[in-house]
Amino acid sequence: MPEGLRRLAALLGTLTALGPLGVDLYLPAFPLMAADLGASAEAIQRTLAAFLLGIAGGQLVFGPLSDRFGRRAPLFAGLALFAVASAGCALAGSTASLIWLRVAQAIGGCAGMVIARAVVRDVADERNAVRMMATLMLVMGAAPILAPLLGAGLLAAFGWRALFWALAIYGVVALLLC
């Protein structure tokens, strides 16, 4: 694969990781979040369900938007939404606000997932597209394994809100890289 496509594959892998990181990074924090927010374990679990609903619905939005208006503007909008919603999650004072912010975070995060795959189809020939898609699938497989480990480390060092600050920073960095 040419060097330019390798760098692009790395960037697209970064975008593809938004969804799995958003799902799995904060899983170790559930008990601390429940205690801090004065919520039940079930209420905190609903934040995960809300994220998954946002990912599902967001794909229905960002796929057609990126086909109609190009990849750049919807991607930037999605990454900005992901970063802002992640910061909002870090500042959330209630489970209800956290649930809604998680939906927004997921909608923004799925832009990277959806548009990354579309970009592969746009720029690569058949052979390189297969290689790039394999790289993206590797990220999709590795991120859910590594994210809880990273989340547990951040949680132990800085608390549960730092997990969402880390996601906000990740979103901003991804936006700047794009």
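Computed from a predicted model, the values in this text were never measured in an experiment.

Caption draft 1: Molecular detail of the overall build of the protein chain. When helices and strands are counted, the protein chain shows 8 helices and 0 strands. Secondary structure of the protein chain in N-to-C order comes out as α-α-α-α-α-α-α-α. A compact globule built from 178 residues would reach a C-alpha radius of gyration of about 16 Å, and the protein chain, at 16 Å, matches this within 12%. Dimensions along the principal axes, computed over C-alpha positions, put the protein chain at roughly 55 × 30 × 25 Å. Counting across all 178 residues of the protein chain, residues that qualify as buried make up 47%. The long-range fraction of contacts in the protein chain, counting pairs at least 24 apart against all pairs at least 6 apart in sequence, stands at 81%. Carbon and sulfur atoms make up 71% of the accessible area of the protein chain, which totals about 8,400 Å².

Caption draft 2: Region of interest: helix α4 (residues 41-69). With 29 residues, α4 ought to run about 42 Å at 1.5 Å a step, and its terminal C-alpha atoms sit 41 Å apart, in line with that. Maximum bend of α4: about 30°, positioned at Gly 58. Inspection of α4 places Ala 43, Ile 44, Thr 47, Ala 50, Phe 51, Gly 54, Ile 55, Gly 58, Phe 62, Gly 63 and Ser 66 among the buried residues, and these make up the whole buried set. Residues of α4 that are buried make contact with α2 (18-24), α3 (30-37), α5 (72-91) and α6 (95-123).

Caption draft 3: Inspection of the nonpolar core at higher detail. Membership of the largest hydrophobic core comes to 47 residues, with the highest contact counts inside it found for Leu 12, Met 33 and Phe 164. Elements with a minimum of two residues in this core: α1 (3-16), α2, α3, α4, α5, α6, α7 (126-158) and α8 (160-177). In terms of residue count, the dominant contributor to this core is α6 (9 residues).

Caption draft 4: Quick look at the packing of α3 against α4. One way to put it is that α3 packs onto α4 with a least axis distance of 9 Å and a crossing angle of 120°. Considering only the axes of α3 and α4, their crossing is right-handed. The residues of α4 that touch α3, namely those facing Phe 30, Met 33, Ala 34 and Leu 37, are Ile 44, Gln 45 and Leu 48. The residue makeup of the contact of α3 with α4, split by class, is 6 nonpolar, 1 polar and no charged.

Caption draft 5: Representation of α1 in the model. Taking 1.5 Å per residue, 14 residues should reach 20 Å; α1 reaches 20 Å between its end C-alpha atoms and fits that length. Among the residues of α1, Leu 5, Ala 9, Leu 11, Leu 12, Gly 13, Leu 15 and Thr 16 are the ones counted as buried. Residues of α1 that are buried make contact with α2, α5, α6, α7 and α8.

Caption draft 6: Highlighting the packing of aromatic side chains. On inspection of all chains with the given rule, the structure shows 3 aromatic pairs. Measuring from ring centre to ring centre gives 5.0 Å for Tyr 26 and Phe 30, while their planes differ by 65°; the resulting arrangement is edge-to-face. Like Tyr 26, the residue Phe 30 is buried in the burial classification. Relative to Phe 164, the ring of Trp 160 lies with its centre 6.1 Å away and its plane at 85°, an arrangement referred to as edge-to-face. Of this pair, Trp 160 and Phe 164 both sit in helix α8, separated by 4 residues, roughly a single helical turn. Aromatic rings pair up to connect Tyr 26, Phe 30, Trp 160 and Phe 164 into one cluster. It is Arg 102 that lies over the ring of Tyr 26; its NZ or CZ is 4.1 Å from the centre.

Analysis parameters
Residues numbered from 1 in each chain as written. Predicted model: local features only at pLDDT ≥ 70, side-chain atom pairs only at ≥ 80, totals over all residues. Heavy atoms only, no water. Helix = DSSP H or I, 4+ residues; strand = E, 2+ residues; numbered from the N terminus. Rg over C-alpha atoms; globule rule 2.2 N^0.38 Å. Buried < 20%, exposed > 50% of the residue type's maximum accessible area, 1.4 Å probe, protein only. Contact = heavy atoms within 4.5 Å. Areas by Shrake-Rupley, 256 points an atom, 1.4 Å probe, with all protein chains shown as cover. Expected span 1.5 Å × (residues − 1). Bend = angle between axes of the 7 residues up to and from the residue. Core = buried A, V, L, I, M, F, W, Y, C linked by side-chain atoms within 4.5 Å. Axes fitted to C-alpha atoms, helices over the stretch in contact; angles between N-to-C directions. Left-handed = near helix turned anticlockwise from the far one by under 90°. Nonpolar A, V, L, I, M, F, W, Y, C, P; charged D, E, K, R; others polar. Phe/Tyr/Trp six-rings, centres within 6.5 Å; stacked < 30°, edge-to-face > 60°. Lys NZ or Arg CZ within 6 Å of the ring centre and 35° of its normal.

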